[in-house]
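Observations on the model geometry
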Amino acid sequence: MIRAEGLVKEFTRPVRRTGPLAGVRSLLTRERVTTRAVDGVSFTVDRGELVGYLGPNGAGKSTTIKMLTGVLVPTAGTVEVDGRVPWRDRTRNARGIGVVFGQRTQLWHDLPLRDSFELVAKLYGLDQPDYQRALGRFTELLDLHEFLDTPVRGLSLGQRMRGDLTAAMLYGPPLLYLDEPTVGLDVVAKARIREFVAETNAVDGTTVVLTTHDLVDVERLCRRVLLIDHGQVLYDGDLAALRRRYVPYRDLVVTLAREDDGPLVAPPGTTVVERPRSARDTARVVVFRFDPAQTPTPAVVAAVTAEHEVVDLDVTDPDLEAVIAEIYSSGRVRA
Amino acid sequence: MAEPPADGAAGTAAREPWRPQLREVSPLRAWWVLMATSLRVVFAYRSNLLNTALGSVALQGSQLLFVGVLLHRFEQVGGWGFGEVALLFAMRLCAHAVCTVPFGQHSAIDFLINEGDYDRLLLRPVSPFLQMLAWRFNPGSLGDLSLGVVVLVVAARLAPVEWTAGAVVLLVLAILAGGLVEAGVQFALSSLSFRLRATWSLKVTVDTTFADFGPYPLGVFGTVGSLALTFVLPLAFIAYLPATALLGRTDELLLPAWAAYSSLLVGPLVFWGGYRAFVHQSRHYDSPAG
Amino acid sequence: MTGPVATSTTGATTAAPAGHLAAQARALVAIGRQSVRSALAVRSEVLVSGVAVLVRVVLVILVWRAVYGSTPEVVGVDRSTAVAYAVLGAVFTNVLNPFWRSSLEVRVRQGRIAVDLLRPVGLVPQTLAQQVGTTAAAVPRCVLAVLLALVIGALQAPAGGVLGLLAFAVSTVLGVAVALLCNLVVAMTAFWTLEVGGALMVYRAVAQFASGALIPLWFMPGWLRGTLEWLPFQAQVFTPLSVYFGTVRGWDAVGAVAVQALWVVLLALLAQLVWSRALHRVVVQGG
């Protein structure tokens, strides 16, 4: 569906001066600075995939998406979407993609939501009966009944997002780009959007490229992630594999019955990480960290419960947030 | 996937894939769909419509008043009397309306580019140029049009022209061509926005130069001035050249007499050139960082 | 003419300690400088506005020379005076009636007015300081245009020697003050209607014509001139230029400048009145 090879995008901007007479000085200078926002990005996305495209602010995510959607012309490299070069065959490409930006609506501010949809239908050449069917379907799916006749400027963020999603899917594009679709939404609204995206992907077979900062989105929706920073791909692959590779440990969190349970005994293959005790803790909480590939979880549980009197226990995987944070800060993915 | 389904998601309609057949949409139809919407929005806000149209009338009217006072005192400008200057003024203003009513939204280009809204245009399957023209509708252009028509009707009576069918046809065609000249020039200037980020003052300067110096016979600007206002800034083609043909004054031209009719050809050419420049420069579009 | 002018004309500051006043003045100067900087931020814009005023000056010279033709004098105004007047009129209007929209309007529209009201410096002084800054940024290109006109012999030194120049300078400052206050009052209509665009355009058109920037009041029919003399617009351009060309001199000039000063006071009071009404509106309706 998408094939990007060695994508590069450079921006050239005049140098901004600071200090005294900055205005006059930048007026006289011709100095320009070139920055490389995307620096040799290659990947492919197959039909029907749902890929998370992640990276910190300024990593080059938006720039990549803009090249994929045909908004920007790459400085170097090639990109093909459904067999077309997006920027060269922009109009045709636009008919085959849906794009939703969480930060900026694609709808018409002064028009009721319904009129925006009608416009989209006309611009994309959707027949009237098809439009009616689509409208019925999405109104049902995203529960738009209540605000279908409200002007877009009067919608809440969550309602607007649902409107934007509908506008992007009305003409049934086989490819959907979502740029931070859940930003600023409350928990219920987020869940509804995720559910819709999952459904669109599963039922319609729509290929979805999702950029987000909300890792819950990623965990709920994506099997595959692409991690990008400084314009380069750091990781491309299975989310679970990344987690395994990255943090090859698991925690057994145990609450001991008594505070003075004697010396702690760490079973072989585990290390003890003591939790700072909070005021609410009535008992002693201890964390045994182990590598599940080396030491099976049941064995650790058995060993610990044999040594100590335990009132509660829990097995946790480190959260994705910590994984991503470490990748960003180290600037690379461990082998 | 891990979450419980929301209400309605289990509905039967949702179960089959949604892949409708799409018709081809002609650029003209797409433009009209967008333009009709912009018009509807403008007419929904009546007070704003009236307010802005009035502003335009006042702006063009002040120039009319100026020329009126000038002719009241001096009786003629560059050898042209009241009726002749009135006709020139009216032709220029009507041509201006021909430019602003359908094409006036070129003035939004700086905003579209700098605010990132141009991205949005590029995501739709319609030429961004056409989308720009239909982006909004400036009610001020209706002020230009109404004042222009009123002044034209009055000036047509005052001007020493015998209004044969041929003369009327020439007048109408000349006004249309004049509008195309102005639009073409503004499109070309708009195309610079893709590189300069701000072309607003440039466009306003050209616009006011057309408005403020359009109502004079070109002769007043001297040889160098006339040539500059013909070949550098094509003011002469907007109204002056065809006006000399209507008024039988082609002998005062620095160019051969047939040049008086050249605007009929130059108009579409400048328009096309401006459009091509826009399309060409739009390749340099660098979407502002999100 | 940056901060202090702005503070003195608004009267928004009540009995405040001297240190407080100094801090306010500094803040206003900073705002003024900031708007000078932003007016000069885009190189192409600066170049274009510079070239634009030069081209306009040349064109008005050509038009007025042609209008006069070989007539030496019309209603007592000779050709060289009319041409020179047109030059200065073009320069004045370039500074006083620019196409920019007031920052005030933008803030009201974006709902930022509530935040602005919380700042230690009053909103009216802020707005004026910005306008003064933008006006100041226009001065270099206008000096250039005046120099050009002097070089090509379309403009002569002011009548009345050093004293005349001084009177012209005083009258110009007052004219600018009248224009800024008029701008401010029109911009404040933003508190009542969100669409000030039309009002500003009407104002700009009326001001251009009625101030005598396009054509001197000398050439206007008696009834029109009589009407315009009762309006504040002529105090913006016509009065300073009359002083420049010595068509009002001596005690008449003093009187004309006094009328300008009177307009400054009246407009400042009007601005204050409109402002207190607007403030009431913001407070009651919550911006």
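Calculation notes
Numbers given for residues are sequential positions, taken from 1 along each chain in its written order. Labels follow written order: the first chain is A, the first ligand is 1, and so on. Since the coordinates come from a predicted model, pLDDT governs what is reported: local features require at least 70, and pairs of side-chain atoms require 80 or more to be given and counted, while whole-chain, interface and lining totals use all residues. For side-chain calculations, the full set of non-hydrogen atoms in the structure is used, while hydrogens and water are omitted. Runs of H or I in DSSP of at least four residues are treated as helices and runs of E of at least two as strands, each being numbered from the N terminus. Relative accessibility thresholds used throughout: buried, under 20% of the residue-type maximum; exposed, over 50%; partly exposed, between the two (1.4 Å probe, protein chains only). Computed with a 1.4 Å probe, the accessible areas rest on the Shrake-Rupley method; for each residue, only the protein chains presented here act as cover. Two strands pair under a simple rule: DSSP has to find at least two bridges between them. Only the stretch in contact is used when fitting a helix axis, every axis being a line fitted to C-alpha atoms; angles between N-to-C directions are given from 0 to 180 degrees. In what follows, a contact means two residues having at least one pair of non-hydrogen atoms within 4.5 Å. To define a nonpolar core, start from buried Ala, Val, Leu, Ile, Met, Phe, Trp, Tyr and Cys residues and group those joined through side-chain atoms within 4.5 Å. Buried area adds together the accessible area that both of two parts lose upon being put together, with accessible area traced by a 1.4 Å probe. What counts as a salt bridge is simple: a side-chain nitrogen of Lys or Arg found within 4 Å of a carboxyl oxygen of Asp or Glu. Each polar contact in these results corresponds to two N or O atoms within 3.5 Å; when the atoms are within protein, one needs to be able to donate a hydrogen and the other to accept it, and residues that are neighboring in sequence are counted only if both atoms are side-chain atoms. Gly is placed with the polar residues, together with every amino acid not listed as nonpolar (Ala, Val, Leu, Ile, Met, Phe, Trp, Tyr, Cys and Pro) or charged (Asp, Glu, Lys and Arg). The definition of a right-handed crossover adopted here requires that, viewed with the strands pointing away, the path from the first strand over the helix to the second runs clockwise. Each angle gets one of four labels, with under 35 degrees taken as roughly parallel, over 145 as roughly antiparallel, 65 to 115 as roughly perpendicular, and the rest as oblique. The predictor's confidence in any single residue is recorded as pLDDT, a number from 0 to 100. Handedness of each helix crossing follows the sense of rotation of the near helix against the far helix: counterclockwise by less than a right angle gives left-handed, clockwise gives right-handed. To estimate the expected span of a helix, count its residues, drop one, and scale the result by 1.5 Å. Of all possible arcs, the one meant is that of the directions from the helix axis to the C-beta atoms.

**What about the overall build of chain A?**
What chain A contains, in helices and strands, is eleven helices and 13 strands. By the burial criterion, 52% of the 335 residues in chain A qualify as buried. Looking at chain A as shown, the accessible area adds up to about 15000 Å², and 49% of this sits on carbon and sulfur atoms.

**Quick word on the sheet that holds strand β5 (residues 97-101) of chain A**
Residues and elements named next belong to chain A. What the six strands build is an open sheet, ordered β5-β6-β7-β3-β8-β9; its pairing is mixed. The open sheet terminates on both sides in strands that have one partner only, identified here as β5 and β9 (232-238). Strand-to-strand twist of the sheet, defined as the mean angle between neighbouring strand axes without regard to direction, takes the value 15 degrees. Sheet topology places strand β3 (residues 50-54) next to strand β7 (residues 207-211); four bridges connect them, and they run parallel. Residue Leu50 lies in a different strand from β7, and its bridge partner there is Val208. Its contacts with the sheet put helix α6 (residues 157-169) on β5 and β6 (175-179), and the angle it makes with β5 is roughly 165 degrees. Taken strand by strand, helix α11 (residues 320-330) contacts β3, β8 (224-229) and β9, and its axis lies near 30 degrees from that of β8.

**A look at the nonpolar core**
Membership of the largest hydrophobic core comes to 141 residues, with the highest contact counts inside it found for Met91 and Tyr216 of chain B together with Trp64, Phe191 and Phe219 of chain C. A per-element tally of this core places helix α8 (residues 161-187) of chain C first, with 13 residues. Excluding its chain neighbours within four sequence positions, the residues that come into contact with Phe191 of chain C are Leu104, Val108, Ile113, Leu123, Trp275, Ala278, Arg281 and Val282 of chain C. Listed in part, the 69 residues of the second largest apolar core include Val225 and Leu242 of chain A together with Ala30 and Ala134 of chain B.

**Here's the deal with the interface of chain B and chain A**
If you look at the interface, chain B gives 51 residues, while chain A gives 56 residues. Interface area for chain B against chain A, summed over the two sides, is near 4700 Å², with a carbon-plus-sulfur share of 52%. If you look at where chain B meets chain A, you find seven salt bridges. Here Asp117 of chain B ties to Arg104 of chain A by a salt bridge, and the two come within 3.3 Å at their closest N and O atoms. Seen at the junction of chain B and chain A, the total is 20 residue pairs in polar contact (both at pLDDT 80 or more). It is helix α1 (residues 27-44) of chain B that provides the largest number of residues to the side of chain B that touches chain A, a total of seven residues. Grouping the amino acids of the side of chain B that touches chain A by side-chain chemistry returns 27 nonpolar, seven polar and 17 charged.

**Notes on unusual backbone geometry**
Residues and elements named next belong to chain A. Located in the positive-phi region is Asp82, a residue other than glycine, with phi close to 55 degrees. Examined against the element boundaries, Asp82 turns out to sit in the loop between β4 (76-81) and α3 (90-95). Positive phi, close to 55 degrees, is recorded for Asp143, a residue that is not glycine. Along the chain, the position of Asp143 falls in the loop between α5 (128-142) and α6.

**Description of the pairing of β6 of chain A**
Residue and element names in this part refer to chain A. With five of five residues buried, β6 is to be regarded as a mostly interior element. Of the two faces of β6, the one holding Leu175, Tyr177 and Asp179 and the one holding Leu176 and Leu178 are both buried throughout. By the bridge criterion, five bridges tie β6 to β7 in an arrangement that is parallel. Residue pairing for β7: Tyr177 is matched across the bridge by Val209. Once you follow β6 into helix α7 (residues 187-203) and on to β7, the crossover reads as right-handed.

**Digging into the pairing of β3 of chain A**
Residue and element names in this part refer to chain A. Burial within β3 is extensive, with five of its five residues counted as buried. Pairing between β3 and β8: four bridges, direction parallel. Following the sheet pairing, Tyr53 is matched in β8 by Leu226.

**Regarding the interface of chain B and chain C**
Taken together, the contacts link 35 residues of chain B with 33 residues of chain C. Summed over both sides, the interface between chain B and chain C buries roughly 3100 Å², with carbon and sulfur atoms accounting for 74% of that surface. Where chain B packs against chain C, one counts one salt bridge. In this structure, the salt-bridge partner of Asp212 of chain B is Arg56 of chain C, at a minimum N-O distance of 2.5 Å. At the boundary of chain B and chain C, one finds six residue pairs in polar contact (both at pLDDT 80 or more). Among the elements of the structure, α2 (46-74) and α10 (200-213) of chain B are those that each provide at least two residues to the side of chain B that touches chain C. The dominant element in the side of chain B that touches chain C, judged by the number of residues it contributes, is α2 of chain B, at 17 residues. Per-class residue counts for the side of chain B that touches chain C are 19 nonpolar, 14 polar and two charged.

**Considerations on the packing of α10 of chain B against helix α3 (residues 43-68) of chain C**
With their axes 9 Å apart at the nearest point, α10 of chain B and α3 of chain C run at an angle of 10 degrees to one another. The angle between α10 of chain B and α3 of chain C places the two elements in the roughly parallel class. Listed contacts from α3 of chain C to Trp200, Ser201, Leu202, Thr205, Thr208, Thr209, Asp212 and Phe213 of chain B of α10 of chain B are Glu45, Val48, Ser49, Ala52, Arg56, Leu59, Val60 and Val63 of chain C.

**Structural notes on the pattern of salt bridges**
Residue and element names in this part refer to chain A. Scanning the entire structure with this criterion turns up 28 salt bridges over all chains. Here Asp130 makes a salt bridge to Arg133, at a shortest N to O gap of 3.7 Å. Placement of the pair is Asp130 and Arg133 together in helix α5, with a separation of three residues, close to one helical turn. Residues Arg137 and Asp204 are paired through a salt bridge, measuring 3.0 Å at the closest nitrogen-oxygen approach. Note that Arg137 is positioned in helix α5 and Asp204 in the loop between α7 and β7, a separation of 67 residues in sequence.

**Considerations on the confidence of the model for chain C**
Mean pLDDT over chain C stands at 84; residues scoring 70 or higher make up 89%. Predicted confidence for residues 1-15 of chain C stays below pLDDT 50, and this span has 20 contacts to residues more than four positions away or in other chains.

**Regarding the side chain of Glu84 of chain B**
Residue and element names in this part refer to chain B. Mapped onto the fold, Glu84 is located in helix α3 (residues 82-103). What makes Glu84 buried here is its relative accessible area of 11%. With residues up to four places along the chain from it excluded, the contact list for Glu84 reads Gly79, Pro160, Leu247 and Arg249.

**Some details on the environment of Asn97 of chain C**
Along the chain, Asn97 of chain C falls in the loop between α4 (79-96) and α5 (103-110). Sequence separation between Asn97 of chain C and Ala271 of chain C is 174 residues, and the spatial gap between their C-alpha atoms is 18 Å.

**Looking at the packing of α3 of chain C against helix α7 (residues 123-151) of chain C**
For any two helices packed against each other, one specifies the crossing angle of their axes together with the interaxial distance. Residue and element names in this part refer to chain C. As a packed pair, α3 and α7 sit with axes 9 Å apart at the nearest point and diverge in direction by 30 degrees. It follows from the interaxial angle that α3 and α7 lie roughly parallel. For the pair α3 and α7, the sense of crossing is right-handed. Along its contact with α3, which presents Ser49, Gly50, Val53, Leu54, Val57 and Val58, the element α7 presents Arg141, Leu144, Ala145, Leu148 and Ala149. Looking at the contact of α3 with α7 residue by residue, the class counts come to eight nonpolar, two polar and one charged.

**Thoughts on helix α13 (residues 263-281) of chain B**
It helps to recall that an α-helix has 3.6 residues per turn; residues three or four apart then point in one direction. All names here are of chain B. In a regular helix each residue adds 1.5 Å, so 19 residues correspond to 27 Å; α13 covers 26 Å between its end C-alpha atoms and thus fits that length. Residues Ser263, Val266, Gly267, Gly274, Phe278 and Gln281 constitute the buried set of α13. For α13, the buried positions fall inside an angular range of 105 degrees around the axis, keeping them on one side. Facing away from the buried side of α13 by over 90 degrees, the exposed positions are Leu265, Leu269 and Trp272. Buried residues in α13 make contact with α4 (109-114), α5 (117-122), α6 (128-133), α8 (165-191), α9 (193-196) and α12 (235-247).

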